[in-house]
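Residues per chain, in single letters:
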Amino acid sequence: MGKQRARWKCLLISLALLAIFLVSVYQGPAAILPQATAQVQTPSATCIPGRVTPSVTEGPFYKSGSPQRASLVEPGMPGTKLVITGYVFSKSCRPVVGAWLDFWQADAQGTYDNAGYRLRGHQFTDGAARYTLETVMPGEYPGRTPHIHVKVMAPNRPVLTTQLYFAGAAQNQSDALFRPELLLQLHNAASGKSATFNFVLELE
Ligand SMILES: [Fe+2]
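Residues numbered from 1 in each chain as written. Predicted model: local features only at pLDDT ≥ 70, side-chain atom pairs only at ≥ 80, totals over all residues. Heavy atoms only, no water.

Under an unreviewed UniProt entry, the name given to the protein is Dioxygenase, and the organism recorded is Candidatus Segetimicrobium genomatis. Under the Sequence similarities (unreviewed entry) heading, UniProt states for the protein: "Belongs to the intradiol ring-cleavage dioxygenase family." (UniProt positions renumbered as here; feature names shortened; annotations may be inferred.)

The following block contains the structure:
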């Protein structure tokens, strides 16, 4: 009788250990992957038909002819690193492959490079209509809440000119150009911040 009870106890402990193992494997990727990988924001391809991204004025600092590059970060550049990923859609939520995106912004001190192309660059969406921008958090400059400027254009279609803003920025509500539809929700990433944003263009 005693031997049988011991066998049952042994079996129950084994089952409990197996259950713990299976639960840890099931929860796996987030728990097992290195933290840096687990924290990267995966853009959601969610698109609401007809919800076109609003335009915002270009401002005085746009320069055409920016270099083609997905990363605007240069060695020694001060500021918090920021990675923005997302998609470009039409208003019927068709992915727009090869869409042109031209970003420009102030540096961490709130200064634009109007002589050269620092913190300016363009890129094209890939075969899945996705883009990735690596940059630094823009600083404030007088009269404006922090923002990133961007022009987005489907091949041979009109240009959308707009700006992206940062959730929680104290000056958002006092900035006349601020639009809540253009907010980036920041998440902590391994080397700074990350966010996602999908652009929806005025085309079918
Ligand atoms: Fe600006």
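Trainee: So what's going on with the pairing of strand β2 (residues 100-105)? Which residues, and what values?
Mentor: Burial analysis of β2 places six of its six residues in the buried class, which makes it a mostly covered element. Taking every second residue as pointing to the same face, both faces of β2 are buried, with Trp-100, Asp-102 and Trp-104 on one and Leu-101, Phe-103 and Gln-105 on the other. In the sheet, β2 pairs with strand β5 (residues 147-153) via six bridges, with the strands oriented antiparallel. When the bridges of β5 are listed, Trp-100 appears paired with Met-153. (Buried < 20%, exposed > 50% of the residue type's maximum accessible area, 1.4 Å probe, protein only. Helix = DSSP H or I, 4+ residues; strand = E, 2+ residues; numbered from the N terminus. Pairing = 2+ DSSP bridges.)

Trainee: How would you sum up the coordination of the iron ion? Please name residues and give values.
Mentor: Bound to the iron ion are the protein donor atoms Tyr-112 (OH), Tyr-141 (OH), His-147 (NE2) and His-149 (NE2), situated 1.9 to 2.2 Å from the metal. If you look at the iron ion, its four donor atoms make angles of 91 to 157° with each other, and the shape they trace is irregular. Every donor residue of the iron ion comes from the same chain, spaced as Y-x28-Y-x5-H-x1-H. Here His-149 falls in the buried class, since its relative accessible area comes to 2%. (Donors = N, O, S within 2.8 Å, 3.2 Å for Na, K, Ca; no water. Tetrahedral: all angles 85-135°; square planar, octahedral: opposite > 155°, others 65-115°.)

Trainee: Run through the environment of Val-159, naming residues and quoting values.
Mentor: Position of Val-159 relative to the elements: it lies in strand β6 (residues 159-166). Between the C-alpha atoms of Val-159 and Trp-100, which are 59 residues apart in sequence, the distance is 9.1 Å. The contact partners of Val-159, leaving out residues within four places of it in the chain, are Trp-100, Lys-151, Val-152 and Met-153. (Contact = heavy atoms within 4.5 Å.)

Trainee: Break down the environment of Glu-140 for me, with residues and values.
Mentor: By secondary structure assignment, the location of Glu-140 is in the loop between β4 (130-136) and β5. By relative accessible area, Glu-140 is classed as partly exposed at 49%. Along the backbone, Glu-140 and Thr-111 are 29 residues apart, and their C-alpha atoms lie at a distance of 8.4 Å. Among the polar contacts listed, one links the side chain of Glu-140 to the side chain of Gln-171, at a separation of 2.7 Å. (Polar contact = N/O pair within 3.5 Å; in protein donor to acceptor, adjacent residues only side chain to side chain.)

Trainee: A description of the packing of aromatic side chains should follow, citing residues and the corresponding values.
Mentor: With the rule as written, the count across this model stands at nine aromatic pairs. Between Phe-61 and Tyr-141 the ring centres are 6.4 Å apart and the planes differ by 75°, which places this aromatic pair in the edge-to-face class. Highlighted residues: Phe-61 in the loop between α3 (35-39) and β1 (81-90) and Tyr-141 in the loop between β4 and β5, separated in sequence by 80 residues. The partly exposed category is assigned to Phe-61, whose relative accessible area is 26%. Each residue in the set Phe-103, Tyr-131, Phe-197 and Phe-199 is aromatic and connected to the rest through ring pairs, giving one cluster. For Lys-63, the ring lying beneath its charged end belongs to Tyr-117, and the centroid distance is 4.2 Å. Here the guanidinium or amino end of Lys-151 rests over the ring plane of Tyr-62, the centre of that ring lying 4.7 Å away. (Phe/Tyr/Trp six-rings, centres within 6.5 Å; stacked < 30°, edge-to-face > 60°. Lys NZ or Arg CZ within 6 Å of the ring centre and 35° of its normal.)

Trainee: If you had to explain the nonpolar core to someone new, which residues and values would you point to?
Mentor: Counting 31 residues, the largest nonpolar core has Ile-84, Val-88, Leu-101, Phe-103, Phe-197 and Phe-199 as its most contacted members. Among the secondary structure elements, those contributing two or more residues to this core are β1, β2, β4, β5, β6 and β10 (199-201). Considering each element in turn, this core owes the most residues, four residues, to β6. Apart from the residues within four sequence positions on either side, Phe-103 is in contact with Leu-72, Leu-119, Arg-120, Gly-121, Gln-123, Tyr-131, Leu-133, Ile-148, His-149 and Val-150. (Core = buried A, V, L, I, M, F, W, Y, C linked by side-chain atoms within 4.5 Å.)

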